[in-house]
Amino acid sequence: MPLEFLRLVAHTNLVISRLLLPQSVAELAEVLSGAKFDSRIGLADRREFIRVLNRIGERVVVTAPVHAGRDPRDDDFLEVALHRQGRVILTGDRVLRALRPFRGVDIIPSRGYLER
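All values derive from a computational prediction rather than experimental measurement. (Residues numbered from 1 in each chain as written. Predicted model: local features only at pLDDT ≥ 70, side-chain atom pairs only at ≥ 80, totals over all residues. Heavy atoms only, no water.)

A. Inspection of the nonpolar core at higher detail. Core analysis: the largest hydrophobic core is formed by eight residues, namely V66, L78, A81, I89, L96, F102, V105 and I107. Once you skip the residues sitting within four places of it in the chain, V105 turns out to touch A81, L82, G86, R87, V88 and I89. (Core = buried A, V, L, I, M, F, W, Y, C linked by side-chain atoms within 4.5 Å. Buried < 20%, exposed > 50% of the residue type's maximum accessible area, 1.4 Å probe, protein only. Contact = heavy atoms within 4.5 Å.)

Dropping the structure here:
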């Protein structure tokens, strides 16, 4: 099956996203600065990753807040998907996936997306 280009939202726990809220980048930067990553990748590389992500990511200003998830931070991803007409949210978060589908947005793990 040929891959088609579409807008998707990747949850922070998947690390890379093409559609990001400013606080999501800040959250990711905070997580990546933690000591648990010290043995896996140097701090300079983690900072460079955030710099590149800030350059390629698309800032989204949400005008219609969503309050649907058990975790308010998950609402951010739902808002981005709805505001930018995203069709898919990729996430490893089972609580967020429990909302599947959400107003026409599919919420799946990355493996599920790759198997489509």
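Having seen the model, we can carry on.
B. Summary view of unusual backbone geometry. In this structure, the amide linkage connecting R100 to the following residue, P101, adopts the cis form with an omega of -20°. Considering the arrangement of structural elements, one finds P101 in the loop between α4 (94-97) and β5 (106-108). (Helix = DSSP H or I, 4+ residues; strand = E, 2+ residues; numbered from the N terminus.)

C. Representation of the confidence of the model for the protein in the model. Looking at the protein, pLDDT values average 75 and 76% of them are 70 or higher. Ranking the elements of the protein by mean pLDDT puts strand β2 (residues 19-20) last, at 46, and β5 first, at 87. Below pLDDT 50 for its whole length, residues 15-20 participates in 21 contacts with residues either more than four positions away or in separate chains. (pLDDT = per-residue confidence, 0-100.)

D. Just helix α2 (residues 43-56), in detail. When the terminal C-alpha atoms of α2 are compared, their 20 Å separation across 14 residues agrees well with the 20 Å that a helix rising 1.5 Å per residue should span. Within α2, the full set of buried residues consists of R46, I50 and L53. In an axial view of α2, the angular spread of the buried residues amounts to 60°, which keeps them on one side of the axis. Exposed residues on α2 whose side chains face more than 90 degrees from its buried face are A44, R47 and R55. (Expected span 1.5 Å × (residues − 1). Arc of directions from axis to C-beta.)

E. Geometry of helix α3 (residues 72-83). Its twelve residues place the ends of α3 17 Å apart at the C-alpha level, agreeing with the 16 Å of an ideal helix rising 1.5 Å per residue. Taken together, the buried positions of α3 are D74, D75, D76, F77, L78, E79, V80 and A81. Two residues or fewer past α3, Q85 is found with a positive phi of approximately 55°.

F. Up close: the pattern of salt bridges. Evaluation of the coordinates by the stated rule reveals four salt bridges. Of the charged contacts in the structure, one is a salt bridge between D71 and R73, with a shortest N-O distance of 3.0 Å. The closest approach of N and O atoms between R100 and D106, which form a salt bridge, is 2.5 Å. (Salt bridge = Lys/Arg side-chain N within 4 Å of Asp/Glu carboxyl O.)

G. The arrangement of the environment of D71 in detail. By the element assignment, D71 lies in the loop between β3 (58-59) and α3. A C-alpha to C-alpha distance of 8.2 Å links D71 and V95, two positions 24 residues apart in sequence. A polar side-chain atom of D71 sits 2.9 Å from the main-chain amide nitrogen of R73. (Polar contact = N/O pair within 3.5 Å; in protein donor to acceptor, adjacent residues only side chain to side chain.)

H. Representation of the side chain of R46 within the structure. Looking at where R46 falls in the secondary structure, it is placed in helix α2. Residue R46 is classed as buried on the basis of its relative accessible area, which comes to 4%. Other than its neighbours up to four places away in sequence, R46 contacts L32, S33, G34, F37, D38 and I41.

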